[in-house]
Amino acid sequence: MTEEFIPKKSYRNTPTGEVSYESPSNIALIKYWGKYGEQLPKNTSLSFTLNNCKTTTRLQYTPIKPETKVGSFHFEVFLDKERKPTFEPKIAQFLTRIEPYLPFVRDYKFVIHTSNSFPHSSGIASSASGMSALALCLLKIEQDMLPGRSQEDFLKKASFIARLGSGSACRSIAGPLVSWGKHDALPGSSAYYGTLYTGAVNAVFSTFQDTILLVDTGKKEVSSSVGHNLMNDHTYAENRFKQADTHINQLLDILRTGDLDAFMALVEQEALTLHAMMMTSRPYFILMKENTLSIINKIWIYRKNTCVPVCFTLDAGANVHVLYPEKYKEKVLKFIKNELAMHCQDGKYICDHTGYGAKSITK
Ligand code: DP6
């Protein structure tokens, strides 16, 4: 299965150069939580690709002398022009994982310049946007060395490589709806890369809004990787994976019919199940904060009183993603400003909506 991503021909010599991509974050409706082998998901997930929350990465590459090719990889990482040695172990692990599929990574020195459109310490996962942007830059370099590949194969391998950096990153290459994990109801789906969902989607979902309430902008107390691993001998794991597969079938029906009540019930159940898994693992942990719960309660009350179809989802953190149709934007933003912003750190939130995935910005 991974064989198809190993280059069969030798690379054409490429001198020094530079490539740039911007890639968005994504928000899972059906959550990925639990992995095995080399970054393979225990269940299928499906996400909205976002538009405004994105990482821009510029990758400079320079050939290195043959005698320096042994040992560790040669690279430097900068975030907003500032050198970030703390990012290096994750990048080194990524390069080790991808070397069989992009062997040229050994032959070059890379300077990675990255910046996020969202505040650095916002608690928004930058791994999905960051790893997908970096994967695309590397794929673009490979494309110049091995021309002739179709755009479809290029994107498939970009997603495959992004997954090896961070699982959810494989869902950021395309949009607005991307699945990851093999599922009978999703033709062409795979555990190795994300697949753009091309089934029937009601118009209401094509411009869905996601306002991200920044409840806790600190560093996560428990990393996603640690959380995923705790699913390995989790009492409820097998049932959770089965439930996610059933939820995919339900979500596909909802996407087709546009049944917003069913959508809200499913998406909120997924969010709370994700956190229930964290709260019932060993060791157990809680990533929601008091403000997360205050926001959830206020959303429920507002929905009941106004019948506005607004719901929430959560990532592996305390921030709340408020999801609603574009038609209700003005009303919901007023509600957020007046009633929810007070639960956010420094009153901050980010307005986003569904988007179409990563873009080349190479000059
Ligand atoms: C809760 O993709 O960050 O956001 O593969 O270890 O990098 P790694 O994990 P990561 O996990 C994200 C999990 C989630 C749910 C989701 O996006 O599906």
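Engineer: What is the right way to read the site of the ligand from this model?
Structural biologist: Around the ligand lies a shell of 17 residues, among which Tyr32, Lys35, Ser166, Gly167 and Ser168 are the nearest. Measuring from an oxygen atom of the ligand, one finds a side-chain N or O atom of Tyr32 at 2.7 Å. At 2.7 Å, a side-chain N or O of Ser166 approaches an oxygen atom of the ligand. Relative to its unbound accessible area of 460 Å², the ligand is 94% covered by the protein chains. Counting residues per element, the shell around the ligand draws most heavily on helix 4 (residues 224–229), which supplies three residues.

Engineer: Just checking my understanding: could you explain the domain arrangement of the chain for this structure?
Structural biologist: Accessible area lost upon the coming together of the parts serves often as the stated size of an interface. Domain boundaries assigned for the chain yield domain 1 (3–200 + 356–360) and domain 2 (208–353). For domain 1 and domain 2, the distance between their C-alpha centres works out to 25 Å. Taken residue by residue, the interface counts 32 residues in domain 1 and 44 residues in domain 2. Its largest share of buried area at the contact with domain 2, domain 1 owes to Ile30, Lys31 and Trp33, together 26% of the area lost on that side. Connecting domain 1 to domain 2 are zero salt bridges. On inspection of domain 1 and its partner domain 2, the count reaches 13 residue pairs in polar contact (both at pLDDT 80 or more). Elements with a minimum of two residues in the side of domain 1 that touches domain 2: strand 1 (17–30) and strand 4 (45–63).

Engineer: Help me out: how do you make sense of the nonpolar core in this one?
Structural biologist: Leu59, Ile98, Phe104, Val105, Phe110, Leu138 and Ile161 are the most contacted members of the largest nonpolar core, which has 37 residues in total. Contributing elements (two or more residues each) for this core: strand 1, strand 4, strand 5 (74–79), helix 1 (88–98), strand 7 (108–116), helix 2 (127–145) and helix 3 (151–165). Beyond its immediate sequence surroundings of up to four residues, Phe110 is in contact with Leu59, Gln60, Tyr61, His74, Phe75, Glu76, Phe104, Val105, Leu138 and Ile141. In this structure, Leu50, Phe118, Leu186 and Leu252 belong to the second largest nonpolar core, which totals 30 residues.

Engineer: Is there a simple way to explain helix 7 (residues 290–306) in this structure?
Structural biologist: Since one α-helical turn is 3.6 residues long, residues separated by three or four positions face the same way. Helix length check: helix 7 (17 residues) gives 24 Å between terminal C-alpha atoms against 24 Å at 1.5 Å per residue, within 8%. Those residues of helix 7 lying buried are Thr292, Ile295, Ile296, Ile299 and Tyr302. Each buried residue of helix 7 sits inside an arc of 130° when the element is viewed along its axis, so together they form one side. In helix 7, the exposed positions that point more than 90 degrees away from the buried face belong to Glu290, Ile301, Lys304 and Asn305.

Engineer: What is the right way to look at helix 6 (residues 260–279) in this model?
Structural biologist: For helix 6, spanning 20 residues, the distance from its first C-alpha to its last is 28 Å, which sits close to the expected 28 Å at 1.5 Å a residue. If you check the start of helix 6, you find a side-chain oxygen 3.2 Å away from the backbone N of Asp261, and it comes from Asp259.

Engineer: How do you make sense of unusual backbone geometry when you look at a structure like this?
Structural biologist: Apart from glycine, the bulk of residues carry a negative phi angle, and the bulk of peptide bonds sit in the trans form. Along the chain, Gly175 connects to Pro176 via a cis peptide bond; the corresponding omega equals 10°. With respect to the secondary-structure elements, Pro176 resides in the loop between helix 3 and strand 8 (177–180). Here Gln39, not a glycine, exhibits a phi torsion of approximately 65°, which is positive. You can see Gln39 is positioned in the loop between strand 2 (35–36) and strand 3 (40–41).

Engineer: Help me understand the pairing of strand 1 in this model?
Structural biologist: Extensive coverage of strand 1 is indicated by the burial of 13 of its 14 residues. Relative to strand 14 (residues 359–360), strand 1 runs antiparallel, the two being bridged by two bridges. Note on strand 14: the bridge partner recorded for Tyr21 is Ser360.

Engineer: What's the story with the side chain of His228 in this structure? I'm lost.
Structural biologist: Secondary-structure assignment places His228 in helix 4. Relative accessible area serves as the criterion here: at 4%, His228 is assigned to the buried category. Engagement of the side chain of His228 in a polar contact is seen with the backbone nitrogen of Gly34, the distance being 2.9 Å. Not counting residues up to four positions away in its chain, the partners in contact with His228 are Tyr32, Trp33, Gly34 and Lys35.

Engineer: Just to check I follow, could you spell out the packing of helix 5 (residues 237–257) against helix 6 for this structure?
Structural biologist: Helix-helix packing: each pair is described by the crossing angle between the helix axes and the interaxial distance. Between helix 5 and helix 6, the shortest axis-to-axis distance is 10 Å and the interhelical angle comes to 160°. By the angle class used here, helix 5 and helix 6 are roughly antiparallel. Helix 5 and helix 6 meet at a crossing whose hand is left-handed. Here Arg240, Gln243, Ala244, His247, Gln250, Leu251 and Ile254 of helix 5 lie close against helix 6, whose contacting residues are Ala262, Phe263, Leu266, Gln269, Glu270, Thr273 and Met277. The residue makeup of the contact of helix 5 with helix 6, split by class, is seven nonpolar, five polar and two charged.

What counts, and at which threshold
Residue positions within a chain follow its written sequence, with the count starting from 1. Local features are withheld for residues below a pLDDT of 70 in this predicted model, meaning they are given only at 70 or higher, and side-chain atom pairs are given and counted only at 80 or more; totals for whole chains, interfaces and linings count all residues. Excluded from the side-chain calculation are hydrogens and water; included are all heavy atoms of the structure. Throughout this document, a residue counts as near a molecule or strand when at least one of its heavy atoms sits within 4 Å of that molecule or strand. Think of a polar contact as two N or O atoms within 3.5 Å of one another; within protein, one of them needs to be a possible hydrogen donor and the other a possible acceptor, and neighboring residues in sequence only count if both atoms come from side chains. Accessible surface area values rest on a Shrake-Rupley calculation with a 1.4 Å probe, where residue burial reflects the displayed protein chains alone. Put simply, DSSP marks the helices as runs of H or I at least four residues long and the strands as runs of E at least two long, and each gets a number from the N terminus on. Each domain's extent was defined by an automatic or database domain assignment. The criterion used for residue contact is that any of the two residues' heavy atoms lie within 4.5 Å. By buried area we mean how much accessible surface two parts lose on assembly, using a 1.4 Å probe and totalling the loss over both. Should a side-chain nitrogen of Lys or Arg be within 4 Å of a carboxyl oxygen of Asp or Glu, the pair is scored as a salt bridge. Remark: nonpolar core denotes a set of buried residues (Ala, Val, Leu, Ile, Met, Phe, Trp, Tyr, Cys) joined through side-chain atoms within 4.5 Å. Relative accessibility under 20% of the residue-type maximum defines a buried residue, over 50% an exposed one, and the middle range a partly exposed one, all with a 1.4 Å probe and only protein chains included. Helices are assigned an expected span. That span is 1.5 Å times one less than the residue count. When we speak of the arc, we mean the arc of directions from the helix axis to the C-beta atoms. Between any two strands, pairing holds if DSSP finds at least two bridges. All axes here are fitted lines through C-alpha atoms, helices being fitted over the stretch that makes contact, and every angle between N-to-C directions spans 0 to 180 degrees. Oblique is the label for any angle not under 35 degrees, not over 145, and not in the 65 to 115 range, which are roughly parallel, roughly antiparallel and roughly perpendicular in turn. Left-handed describes a crossing whose near helix is turned anticlockwise from the far helix by less than a right angle; the clockwise case is right-handed. Note on residue classes: Ala, Val, Leu, Ile, Met, Phe, Trp, Tyr, Cys and Pro are nonpolar, Asp, Glu, Lys and Arg are charged, and everything else, Gly too, is polar.

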